[in-house]
Structure formats: structure tokens, C-alpha cells
Amino acid sequence: MKENIVSIISNNKSKSAVEKSAAIIFRCCAVISIIAVLSIMVYMLIFGTPAIFEEGLVEILFSSVWAPTAKTPSYGILMIILTSIVGVFLAILIGVPIGLFTAINLAELANKRVRKVVKAAIELLAGIPSVIYGMLGVLIINPVMYKVELWIFRDSTTHQYTGGANLIAAVIVLAIMILPTLINISETALNSVPDEYRKSSMALGASKMQTIFKVVLPCAKSGIMSAVVLGVGRAIGEAMAIVLVAGNAVNLPLPFNSVRFLTTAIVSEMGYAQGTHREVLFTIGLVLFVFIIAINLVLTRILKNGEKNGK
Amino acid sequence: MKKLYICSLLLFLFVGITGCSTSNNQIESENGSNKIRINGSTSMEKLVNGLAEVMRDKSSNIIVEPQFTGSSAGIEALLSGTADIASSSRTLKDTEIQKGLVENIVALDGIVVITNPSNSVVTLSKEQLIAIYTGKINNWQEVGGSDQKIVLMGREAGSGSRSSFEEILGVEDNCKYAQELNETGAVVGKVASIEGAIGYVSLDVINDTVKPLRFMGVKATKESIRDGSYVLQRPFVMATKGDISKQSTATQSLFAFIYSDEGQEFITSIGLVSTK
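About the cut-offs
- Residues numbered from 1 in each chain as written.
- Chains lettered and ligands numbered in written order.
- Predicted model: local features only at pLDDT ≥ 70, side-chain atom pairs only at ≥ 80, totals over all residues.
- Heavy atoms only, no water.
- Helix = DSSP H or I, 4+ residues; strand = E, 2+ residues; numbered from the N terminus.
- Buried < 20%, exposed > 50% of the residue type's maximum accessible area, 1.4 Å probe, protein only.
- Contact = heavy atoms within 4.5 Å.
- Salt bridge = Lys/Arg side-chain N within 4 Å of Asp/Glu carboxyl O.
- Polar contact = N/O pair within 3.5 Å; in protein donor to acceptor, adjacent residues only side chain to side chain.
- Nonpolar A, V, L, I, M, F, W, Y, C, P; charged D, E, K, R; others polar.
- Expected span 1.5 Å × (residues − 1).
- Core = buried A, V, L, I, M, F, W, Y, C linked by side-chain atoms within 4.5 Å.
- 1 Å grid on protein atoms, 1.4 Å probe; cavity = no way out; pocket = protein on both sides within 12 Å on 5 of 7 lines; lining within 4 Å.
- Points joined across faces, edges and corners; volume = space filled by probe spheres on them.
- pLDDT = per-residue confidence, 0-100.
- Axes fitted to C-alpha atoms, helices over the stretch in contact; angles between N-to-C directions.
- Parallel < 35°, antiparallel > 145°, perpendicular 65-115°, else oblique.
- Pairing = 2+ DSSP bridges.
- Left-handed = near helix turned anticlockwise from the far one by under 90°.

K.L.:
How do you make sense of the overall build of chain B when you look at a structure like this?
P.N.:
The helix and strand tally for chain B stands at 10 helices and 13 strands. A burial count over chain B gives 49% of its 276 residues as buried. Expressed as a percentage of contacts within chain B between residues at least 6 apart in sequence, the contacts between residues at least 24 apart total 72%.

K.L.:
Please clarify how the interface of chain A and chain B should be interpreted in this entry.
P.N.:
Many descriptions give the size of an interface as the accessible area lost when the pieces come together. Counting from both sides, the interface comprises 36 residues of chain A and, opposite them, 33 residues of chain B. Inspection of the chain A/chain B interface yields 1 salt bridge. For the interface between chain A and chain B, the tally reads 9 residue pairs in polar contact (both at pLDDT 80 or more). Its residues assigned to classes, the side of chain A that touches chain B shows 17 nonpolar, 15 polar and 4 charged.

K.L.:
Where do I start with helix α2 (residues 45–58) of chain B in this structure?
P.N.:
An α-helical turn contains 3.6 residues, so a residue and the one three or four places further along point in the same direction. The first and last C-alpha atoms of α2 of chain B sit 20 Å apart over 14 residues, in line with the 20 Å expected at 1.5 Å per residue. Turning to α2 of chain B, its buried residues number three or more, namely Leu47, Val48, Gly50, Leu51, Ala52, Val54 and Met55 of chain B.

K.L.:
Would you take a moment to explain the nonpolar core for this structure?
P.N.:
Side chains that are nonpolar tend, in soluble globular proteins, to be buried together. Ranked by internal contacts, the top residues of the largest apolar core, which has 94 residues, are Trp66 and Ile77 of chain A together with Leu129, Ile132, Tyr133, Phe165 and Ile198 of chain B. Here this core takes 10 residues from helix α6 (residues 167–191) of chain A, the largest share from any one element. Here isoleucine 77 of chain A is in contact with Ile60, Leu61, Ser63, Trp66, Ile284 and Val287 of chain A, once residues within four sequence places are set aside. Core analysis: the next-biggest nonpolar cluster, separate from the first, contains 25 residues, Met44, Val48, Ala250 and Leu254 of chain B among them.

K.L.:
Can you help me understand the layout of surface pockets in this one?
P.N.:
In this approach the atoms are scanned with a rolling probe the size of a water molecule, which exposes any empty space left behind. Each pocket or cavity is described by its volume, and for the largest pocket that value is around 1200 Å³. In terms of lining residues, the largest pocket is bounded by 39 residues, among which Thr69 of chain A together with Ser72, Arg90, Ser163 and Glu167 of chain B are the most central. Elements supplying a minimum of two residues to the lining of the largest pocket: α12 (275–310) of chain A together with α3 (71–80), α6 (160–169) and β12 (233–241) of chain B. At 7 residues, the largest contribution of residues to the lining of the largest pocket is made by α6 of chain B. A per-class count over the lining of the largest pocket returns 10 nonpolar, 19 polar and 10 charged. In this structure, the second largest pocket encloses a volume near 670 Å³. Lining the second largest pocket are 34 residues, with Val250 and Asn251 of chain A together with Cys175, Lys176 and Tyr177 of chain B sitting closest to its centre. Counting residues per element, the ones that place at least two in the lining of the second largest pocket are β1 (66–67) of chain A together with α6 of chain B. Residue classes in the lining of the second largest pocket are distributed as 17 nonpolar, 10 polar and 7 charged.

K.L.:
Help me understand the confidence of the model for chain B, please; the structure alone is not making it clear to me.
P.N.:
Low-pLDDT stretches of the model should not have their predicted coordinates read in fine detail. All names here are of chain B. Per-chain confidence: chain B averages 83 in pLDDT, with 88% of residues scoring 70 or above. Mean pLDDT in chain B bottoms out at helix α1 (residues 2–21), which sits at 50, and peaks at strand β10 (residues 211–212), which reaches 93. Under a pLDDT of 50 for its full length, residues 13–31 has, in the predicted model, 5 contacts with residues more than four places off or in other chains. Scoring of the predicted complex yields 0.78 for pTM and 0.74 for ipTM.

K.L.:
Could you clarify how one ought to interpret the packing of α2 of chain B against helix α9 (residues 249–259) of chain B in this entry?
P.N.:
Two quantities define a packed helix pair, namely the angle between the axes and the distance from one axis to the other. All names here are of chain B. Running from N to C, α2 and α9 point in directions that differ by 110°, and their axes come no closer than 11 Å. Classed by the angle they form, the pair α2 and α9 counts as roughly perpendicular. For the pair α2 and α9, the contacting residues are Leu51, Val54, Met55 and Lys58 in the first and Ser253, Leu254, Phe257 and Ile258 in the second. Each residue belonging to the contact of α2 with α9 can be placed in one class, and the counts come to 6 nonpolar, 1 polar and 1 charged.

K.L.:
I'm lost on the pairing of strand β3 (residues 85–88) of chain B in this one. Help?
P.N.:
For a regular strand, side chains alternate in direction, first toward one face of the sheet and then toward the other. Residue and element names in this part refer to chain B. Of the two faces of β3, the one carrying Ile85 and Ser87 and the one carrying Ala86 and Ser88 are both buried. In terms of strand pairing, strand β1 (residues 35–40) meets β3 through 3 bridges, oriented parallel. When the sheet's bridge partners are listed, glycine 40 is paired in β3 with serine 87. Two strands pair when backbone bridges link them, and β3 and β12 are joined in this way by 3 bridges, in the antiparallel orientation. Within β12, the position partnered with alanine 86 by the bridge is alanine 239.

K.L.:
Help me out: how do you make sense of the environment of leucine 174 of chain A in this one?
P.N.:
Residue and element names in this part refer to chain A. Turning to its location among the elements, leucine 174 is positioned in helix α6. Along the sequence, leucine 174 and asparagine 191 sit 17 residues apart, while their C-alpha atoms lie 26 Å from each other. If we skip the residues at most four places from it in the chain, leucine 174 touches Gly87, Ala91, Ala235, Glu238, Ile242 and Phe261.

K.L.:
What am I meant to see in unusual backbone geometry here?
P.N.:
Positive phi values are uncommon outside glycine, yet asparagine 248 of chain A reaches one of about 65°. Positionally, asparagine 248 of chain A belongs in the loop between α10 (240–245) and α11 (262–269). One non-glycine residue, aspartate 173 of chain B, lies in positive phi territory at about 65°. Inspection of the secondary structure puts aspartate 173 of chain B in the loop between α6 and β8 (179–181). What makes aspartate 173 of chain B partly exposed here is its relative accessible area of 38%.

K.L.:
Looking at this structure, I do not really get the pairing of strand β9 (residues 197–202) of chain B. What am I missing?
P.N.:
Residues and elements named next belong to chain B. Among the 6 residues of β9, 6 are classified as buried, and the element is accordingly described as predominantly covered. For strand β5 (residues 105–115) and β9, the ladder comprises 5 bridges, and the chain directions are antiparallel. Each bridged residue has a counterpart across the sheet, and for valine 112 the counterpart in β9 is valine 201. Where strand β7 (residues 151–155) lies against β9, 2 bridges are found, and the strand directions are parallel. In the sheet register, leucine 152 faces β9, and the bridge partner there is isoleucine 198.

K.L.:
Honestly, the packing of helix α7 (residues 195–203) of chain A against helix α8 (residues 208–219) of chain A in this entry has me stumped. Any pointers?
P.N.:
Residues and elements named next belong to chain A. Taken N-terminus to C-terminus, the directions of α7 and α8 make an angle of 145°; their axes are 10 Å apart at the nearest point. α7 and α8 meet at a crossing whose hand is right-handed. Of the residues in α8, those touching α7 at Tyr197, Arg198, Ser201 and Met202 are Lys208, Thr211, Val215, Val216 and Cys219.

Rendered as C-alpha cells:
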């Protein structure tokens, strides 16, 4: 009876065919991501470079006047680049201590129950769409910032009032948004430190805190560094949340100035931009792309060093 | 189970491949005279797209092909013959009229300056508005309001509302915006929530969360815009090369619809001010 059953899998001939074709299909799927990255790279170069040739790289990167629709247009994105760098740096400055200490609490100190609750909260935080962070920023942070602004600059005659949409608001939103990335990766790094190290440290008479700061943290250093770098990547690429809270006027990135980031520059003007203006927006995308590539290179470098140290 | 998995995978891929090959065949009209190519202002997107839809419903053989590249680019296209109608949200320049273009004003749009409802200022003169938007005045006290700092809301570069607002006031590229928002609705929302805020929007999006200001003492209404006493307004022009009577029958029927009662009603329904 058995010989009568026709199966595409158990039949020897068709079996090898299926094996081969399945392997081909899977290989094709793997290639798709490579094709995607390559085509994005090629397209960014094709669309991003014409403006550089038209206006000059120095004129675009190092001029501080952004007036794309003026009679004599100027396409300087220096302030926008500076804002992205300063904003992300400040967000990391706020986010890293909070994220790292949360990770230490989760990995080393918390009991099962606390860990469960905190873990659930972080997972939820990671899943919330970024535009919701922006909406909360508009509802909560901006009005508070407006009050602070009115109080701080009550005697100033030169300050331009922004209604609470400023760099600080954007930094706070970014700092909260990168927390899940920071916490999850740091925690994994801390957990991967062998338990023997902790036990030996305790056996030598070190306290719990001494163990954490002198033994566990140095061991998990490369993992924590990669958490920070990924956090930077997440922060620099974020657009939807900060377009709502940052004010979007091109200014020097001072705490109470309305500012525009690289991402929000593209988002807010893409709709109506034409000609060179549109091309420059693609150039901004190219600049952003270069930033992300640089961050990834740094990350691979860190991970490689970590592997070396680990061995 | 495994069999099922592989089969479904193959089926999925097959569907994917065939799905790609059936591209949407656009029906290209062989007869060019039934096509109306409209090119121009992004501010008129709602009007032109609406007209395209109406014309499609009214007669199946007229195809309106809208493009939105900006008023000046649209006029260029009309002059070079790649468009039949240029939609422009500004009046035509003398040089453009000398080249034989005819300015057919189809509708009017009012730009209204709005403030937070708590603001006590009722009217602003042109000079006051210019001083506010160029940053020379930064407290409502200086224009007769309470001691409240002014927060300047504007639109992003490239927006039609922004360019016509700045053009009417003559403050092109001099505005010191505190916030640049990329939507009309966002301007209304921000002005509604920030006490010292001022912004500008089209007449049709005004609601009771914000307070419309009078400009030079004139309130923005459909009537005051139509009779020209409210000057913060812009015409929506559909320019043609030569008079309407010299256009193709398709283009003529489009204008016939616009100037009919039904067309005027349609223009009012999308929030614009009809010229009649």
C-alpha cells in the first residue's frame, strides 16, 4: 500500500527537487534585504548629490541660512545638523543614566515581582508608536515649557517666544523614546556577565554595590556601549514625535529656541518643495544616511573589540 | 504540516509574482482634445482635484489631468504648451498677460489672521501686522492688548498660504516665525492652545476655538472678500492661452461648469468664495 502514496516530500526524486527549490527560495529572500539596502543607497546618492553639485557642498553644510523659497534662495543646513547633534547628545545624556540604572536594577537587584512589572512597562514603552510620544509632548511638555519660558524670559525684550515648542521639549521626548533600547540591551549585557564573577567578588568581601560597579559593569562595558550607540541611532532617526514638539523654525540649538532636526526638516517641507529645494531635502536625507552609517560602523567596531576582550 | 507549509509558501510566492506582473493599465486617451491638462498651484489642489472628479462624473470622455508644481511652474507649462490650463493662486503678472495669457478668476480665498480666544485685540492694521511678523513688536500690549508675549505661528516654506500672506504684506523672507507648522489644521490647534499665539489660515478652516481678527477694521466674510474690502485675500486663477472661446471643447465645457450655478455651489462647498 505504501508504494501507492504519492508525496512530494517522501518521493526521492521530488524530494531533492523540493530541497533545491526551497534552498533557492530562502536564498532569494535573504537577498531581498541586501537589494533593499543597496537600492536605498544608490537612490539616496542619485537624488541627494545633484543639489551638492548645484549649490556646493560647503554652501549646504556650513551656511547657517535656510531660506529655500526666498528670491535668492539659500540652502544652508548647518543649524539643522547642529540641532540634530546637540539634541541627540542631550537626549543620551539624560537617557543613559536612567536606562543604565534601570537595567542594573532589573539584572542585579530587583526581585521577581518587581522585574515582571518593570519589564512589562518597558516592553509597552517600546511598542508605543512614536507619534503618540509626540502627542503627549504637545499636551504635557509644551504647556509646561511655555510657563517656564514666560517665567524665565519675563524681563527679556529680545527673546522670541515659542509657546513651549523648543529644544528641551524635543530632548525630553527623545530621552524617553530611547529608554527601551538602552534598558533592554544593557540588561542583556549585564545578564551575560558570568555569575562566578559576582560570587568571587562577594567572597572577597565586596558589597553588592561594589560588585556591581567594580566587577559587573566593567565586564558588560562593550554591551552597554552598543546600547548607547543604538540609542543614538534611534534618536537621530526619529521624526514623527519631535516634529510635533520642536517648533520647526531653523535656529541655533539653544534650550529655549524653536529648532529643526534633520528628520523634521524633510518631513515638514517635502509636501510642497520643488526644484532645488526638493533636491536639497534629499541631500539632507543623504546627510542623515551618512550619520546612520557612521553610527553602525562605530557599533561594529565596539562589538568586535568586545569579542576580542571577551576571548 | 510541513507539506502544507511548503505548498502555502509556493502558492504565496506564485501569487506575489503574478500580482507584480499585472500592472494597472491606465487608459490613455488617443484623442488629445478630450484631455485637459491642468498644471499649477498646490493651494488649488482641493479645487482642481474636485473639478477633475466632477467632470469625470458628468461626462465619461473628458479626462482632467491635474498636476501640482506651483503657480509659476504652471504658468511656464501653459506658455510652453505642456498644459492647457495653468492654475495659479496669484494674479498674473503684466509680462505674463502680454504673452497672451488670460486671467480667468474662478474663486477667491481669504487669509484670516487668528489669535487665541482669550486675546482682547480686535483689529490690526497692515503696519502692525508687518511689525508683528517681522519681530519688531513682541508684546500684545503694543497693539492694544493685554501684557502678553506674542508667539508667531507660520507655515513651512513652500506653502501657498505662507507665500501669499507674505506677498500681500510685503514681508517675504523677513518673517521671524517661532513655529513653522506644515498643516493649516495644526496652526488652528496651536493658536487655540497657546495664549499669546497669532497665526494665519484660510477662511474655511476657522472654528470657535480661535478668534479671527479684523484686518484694517474689516471682518473677513464671504461678502467682504468678494467686494474686495477685505484685502488679505488671493484669487484662484485658471489661466488659459487666449480667451476661453478659443480653447478646445473639453476645456470650454470645464469653464462652462465652473461659471454655472452648480459650479459656483461646488466652489462654495469646498470652502472658497465664489466670484459671483
